[in-house]
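Here is how the chains run, residue by residue.
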Amino acid sequence: QVQLVESGGGLVQAGGSLRLSCAASGSIFSINHMGWYRQPPGRQRELVARIFSTGETVYADSVQGRFTISKDDTKRTAYLQMNSLRPEDTAKYYCGAQVYTTDYGDYWGRGTQVTVSS
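Small disclaimer: the values here were computed from a predicted structure and weren't measured.

A count of helices and strands for the chain gives zero helices and 11 strands. Along the chain, helices (α) and strands (β) appear in the sequence β-β-β-β-β-β-β-β-β-β-β when read from the amino end. Here the chain holds 118 residues, and 41% of them are scored as buried. Intrachain contacts of the chain at a sequence separation of at least 6 include 52% that bridge at least 24 residues. As presented, the chain carries roughly 6400 Å² of accessible surface, and 45% of it is formed by carbon and sulfur atoms. Counting 12 positive and 10 negative side-chain charges, the chain places the averaged centre of each group 5 Å from the other.

Given below as structure tokens:
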């Protein structure tokens with residue numbers, strides 16, 4: 001089994017910063033990519049940022065230049081540094097990963113709430 005555990009959410013004022021962490025554990029042979037997704041109230045889950053095993057990154061247009069995704073392969077942990085936060089960034093943030101155990105599978109964490117006050 002694979003577990004993804006997020007941490008680092010909270011309440012912050014507009015313009016502030018937060019750093020999210022996602023630690024993967026379990027019977028992992030390799031990780032193809034890890035990413036952060038968010039789901040605002042009443043809306044669908046959307047991709048925020050993704051980082052591949054090669055280090056290549058992808059960002060949603062709405063966070064480009066404000067958020068930075070990174071990873072520490074030795075810790076099997078991905079990070080999302082969020083700067084210049086806006087009220088519209090308020091959402092539950094989920095970590096997702098494509099992991100190879102005996103086959104490739106997609107896994108999700110339980111999420112962490114980020115609330116940005118105006």
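It is worth spelling out the pattern of salt bridges at this point. Under the criterion given, the structure shown has five salt bridges. Glutamate 46 is paired through a salt bridge with arginine 38; the nearest N and O atoms lie 2.8 Å apart. Accessibility expressed as a relative area gives 26% for glutamate 46, which makes it partly exposed. Judged by relative accessible area, which is 4%, arginine 38 ranks as buried. Within this structure, Arg38, Arg43, Glu46, Arg66 and Asp89 form a network of salt bridges that share partners.

Glancing now at the sheet that holds strand S3 (residues 18-26). Where strands meet in a sheet, backbone hydrogen bonds hold them as pairs that are either parallel or antiparallel. Across the sheet, four strands lie side by side as S1-S3-S8-S7; this open sheet has antiparallel pairing. Whereas interior strands pair on both sides, the edge strands pair on one side only; in this sheet they are strand S1 (2-7) and strand S7 (67-72). Averaged over all pairs of adjacent strands, the angle between their axes in this sheet comes to 15 degrees, without regard to strand direction. One ladder, built from six bridges, connects S7 with strand S8 (residues 77-82); its direction is antiparallel. Within S8, the position partnered with serine 70 by the bridge is tyrosine 79.

Let us look at the packing of aromatic side chains. Summed over all chains, the structure comprises three aromatic pairs. With a centroid separation of 4.8 Å and an interplanar angle of 65 degrees, the aromatic rings of tyrosine 37 and tryptophan 108 are classed as edge-to-face. Of the two residues, tyrosine 37 sits in strand S4 (residues 30-39) while tryptophan 108 sits in strand S10 (residues 104-108), which places them 71 residues apart along the sequence. A relative accessible area of 10% means that tyrosine 37 is categorised as buried. Look at tyrosine 100 and tyrosine 104: their rings are 4.9 Å apart centre to centre, the planes differ by 70 degrees, and that puts the pair in the edge-to-face class. Given a relative accessible area of 27%, tyrosine 100 falls into the partly exposed group. The class of tyrosine 104 is partly exposed, set by a relative accessible area of 47%. Three or more aromatic residues joined by ring pairs make a cluster, and in this case those are Phe29, Tyr100 and Tyr104. Above the plane of the ring of tyrosine 94 lies arginine 45, whose end atom (NZ or CZ) is 3.8 Å from the centre. Of note, arginine 45 hangs over the ring of tryptophan 108, and the distance from its end group to the ring centre comes to 4.6 Å.

Reading the values: the criteria
- Residues numbered from 1 in each chain as written.
- Predicted model: local features only at pLDDT ≥ 70, side-chain atom pairs only at ≥ 80, totals over all residues.
- Heavy atoms only, no water.
- Helix = DSSP H or I, 4+ residues; strand = E, 2+ residues; numbered from the N terminus.
- Buried < 20%, exposed > 50% of the residue type's maximum accessible area, 1.4 Å probe, protein only.
- Contact = heavy atoms within 4.5 Å.
- Areas by Shrake-Rupley, 256 points an atom, 1.4 Å probe, with all protein chains shown as cover.
- Lys, Arg positive; Asp, Glu negative; His and termini not counted.
- Charge placed at Lys NZ, Arg CZ, Asp CG, Glu CD.
- Salt bridge = Lys/Arg side-chain N within 4 Å of Asp/Glu carboxyl O.
- Pairing = 2+ DSSP bridges.
- Axes fitted to C-alpha atoms, helices over the stretch in contact; angles between N-to-C directions.
- Phe/Tyr/Trp six-rings, centres within 6.5 Å; stacked < 30°, edge-to-face > 60°.
- Lys NZ or Arg CZ within 6 Å of the ring centre and 35° of its normal.

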